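# Structural features, examined
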Amino acid sequence: MKNHSVKTSVKGVIAGMVGALAITASVAGSVAADQKPVQIITAGTGGSWFPTGATIADLANTSFDGQPVSVIPGAGAIGNVARVGVGKSDMGLSYGPFLKMAKDGGNDVNPNEGYDNLRAILALNAYPFHFLVADSVGISSLDELKDVSGDIILASEVSGSSMHFIVERMFEKYGLPLDEIKKAGGRVQQLSTDGRKDAWQNGQVNMASFMFAPPHPIIIEQMRIRDSQIMGFSDAVIEELTNELGFDVFELTSEHYPNQKAPAKTVAMPTLLFGTAELDEELVYELVKNVANNKQRMVNAVGSLASWNPEDMVKGLGIEIHPGALKFYKEQGWID
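What you see is a predicted model; the values in this text were computed from it and never measured.

### Brief notes about the overall build of the chain
The secondary structure content of the chain amounts to 13 helices and ten strands. Considering the chain as a whole, with its 336 residues, one finds that 50% of them fall into the buried category. Sequence separation of at least 24 residues holds for 73% of the intrachain contacts in the chain that already meet a minimum separation of 6.

So this is what it looks like as structure tokens:
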């Protein structure tokens with residue numbers, strides 16, 4: 001009887017442990033049980049936004065069973081706000097000025113009624129606009145663009161992207177709308193990041209635009225392969241773009257790119273993760289907390305995030321903050 005009693009006791013302990021584990025697992029997964037799958041829309045897989053979004057999704061999923069957060073490629077900053085605004089995706093990556101314009105409506109980013117349900121979640125580091133011009137074009141500043149309009153072979157991004165939006169505005173400010181380039185005999189190619197990189201390396205274009213956090217290895221390589229410079233905007237154009245669209249000012253120098261001869265003043269915008277007001281507060285809270293507490297994971301995915309500090313997640317958000325994110329920021333004392 002004594003041996004039987006010991007066996008029963010051991011069985012009871014094991015049963016209790018299993019039961020406790022089951023309860024713990026149930027508690028850990030209780031939030032996930034109430035979570036519907038949500039999706040982050042990013043950009044093409046050749047750029048830095050896709051691995052950024054994928055890492056954010058992975059970090060968020062560490063708090064939940066069932067991997068509720070997934071990531072897909074997207075059309076870019078402008079296309080993403082439209083997709084989230086109409087409910088085709090739940091979260092996305094974009095830039096602060098475009099989010100505000102999309103929320104307001106009645107403008108170039110969103111010509112329709114504003115998307116009132118958009119909410120900011122977190123900010124990452126700033127992405128300046130890089131405009132690379134081959135030395136063979138024979139100009140020393142963007143003020144000379146009209147003089148070489150027929151010789152321009154430009155690589156921009158697809159329509160709906162933030163970069164093509166800036167390219168269009170830039171050429172308009174310098175008195176050379178993109179249609180005029182074509183009329184003069186030049187060409188405008190709208191390509192993915194990989195497409196622009198390959199076209200430049202193969203000598204198929206003589207001007208190319210990129211949005212990267214510097215210093216970026218693609219730009220370093222492009223400038224090594226071909227004699228070229230990043231050309232900056234004039235003070236007048238910078239002032240117009242910042243006043244009209246809320247861009248920040250950024251200076252690219254030889255500290256970023258060794259082959260850059262002179263500082264180039266350009267526009268920049270912080271990358272933002274945003275979503276809808278309907279997103280579950282607990283999911284957003286856990287996502288923001290896990291990103292803030294895992295900077296090295298973010299840097300491992302995108303090296304340029306080394307200059308990013310988690311306490312800057314609240315800067316430049318531009319629109320109303322989602323309650324789940326706001327709760328975490330207040331706990332950290334990063335926002336009143």
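Let us keep going from here.
### Comments concerning the pairing of strand S5 (residues 153-156)
Because side chains alternate across S5, one face comprises the buried residues Ile153 and Ala155, and the other comprises Leu154 and Ser156, equally buried. Examined bridge by bridge, S5 and strand S6 (residues 187-190) share four bridges and lie parallel to one another. Bridging across to S6, leucine 154 finds its partner in valine 188. When S5 meets strand S7 (residues 207-211), the two strands line up parallel, connected through two bridges.

### Concerning the confidence of the model for the chain
Averaged over every residue, the pLDDT of the chain is 88; residues scoring 70 or more account for 90%. Contacts of residues 1-30 to residues separated by more than four positions or lying in other chains number four contacts, the stretch itself having pLDDT below 50.

### Quick notes on the packing of helix H3 (residues 49-61) against helix H11 (residues 281-292)
Running from N to C, H3 and H11 point in directions that differ by 110 degrees, and their axes come no closer than 8 Å. For the element pair H3 / H11, the angle class is roughly perpendicular. When you trace H3 past H11, the crossing you get is right-handed. For the pair formed by H3 and H11, the contact residues are Ile56, Leu59 and Ala60 on the first element and Leu287, Asn290 and Val291 on the second. Its residues assigned to classes, the contact of H3 with H11 shows five nonpolar, one polar and no charged.

### Things to note about the pattern of salt bridges
Overall, the coordinates contain 13 salt bridges when judged by the stated rule. The partner of glutamate 320 in a salt bridge is arginine 119, with the nearest N and O atoms 3.6 Å apart. You can see glutamate 320 sitting in the loop between helix H12 (295-301) and helix H13 (323-332) and its partner arginine 119 sitting in strand S4 (residues 118-134), a full 201 residues away along the chain. Under the relative-accessibility criterion, glutamate 320 is labelled partly exposed at 47%. Residue arginine 119 is classed as buried on the basis of its relative accessible area of 14%. The partner of glutamate 286 in a salt bridge is lysine 289, and the shortest N-O contact between them spans 3.0 Å. Residue glutamate 286 and its partner lysine 289 are both found in helix H11; the two are separated by three residues, about one turn of the helix. Residue glutamate 286 is classed as buried on the basis of its relative accessible area of 10%. Its relative accessible area of 23% is what places lysine 289 among the partly exposed residues. Among the charged side chains, a network of salt bridges with common partners joins Asp108, Glu168 and Arg169.

### Some points on the packing of aromatic side chains
One pass over the full model with this rule turns up 13 aromatic pairs. Here the aromatic rings of phenylalanine 328 and tryptophan 334 are separated by 5.8 Å at their centres, their planes lie at 85 degrees, and the arrangement is edge-to-face. We classify tryptophan 334 as partly exposed; its relative accessible area is 26%. An aromatic cluster is present here, built from Trp49, Tyr95, Phe98, Tyr127, Phe165 and Phe247 joined pairwise through their rings. The ring of phenylalanine 165 is capped by arginine 169, whose NZ or CZ atom sits 4.0 Å from the centre of that ring. When the ring centre of tryptophan 200 is taken as reference, the NZ or CZ atom of arginine 226 above it lies at 4.3 Å.

About the thresholds
Residues numbered from 1 in each chain as written. Predicted model: local features only at pLDDT ≥ 70, side-chain atom pairs only at ≥ 80, totals over all residues. Heavy atoms only, no water. Helix = DSSP H or I, 4+ residues; strand = E, 2+ residues; numbered from the N terminus. Buried < 20%, exposed > 50% of the residue type's maximum accessible area, 1.4 Å probe, protein only. Contact = heavy atoms within 4.5 Å. Pairing = 2+ DSSP bridges. pLDDT = per-residue confidence, 0-100. Axes fitted to C-alpha atoms, helices over the stretch in contact; angles between N-to-C directions. Parallel < 35°, antiparallel > 145°, perpendicular 65-115°, else oblique. Left-handed = near helix turned anticlockwise from the far one by under 90°. Nonpolar A, V, L, I, M, F, W, Y, C, P; charged D, E, K, R; others polar. Salt bridge = Lys/Arg side-chain N within 4 Å of Asp/Glu carboxyl O. Phe/Tyr/Trp six-rings, centres within 6.5 Å; stacked < 30°, edge-to-face > 60°. Lys NZ or Arg CZ within 6 Å of the ring centre and 35° of its normal.

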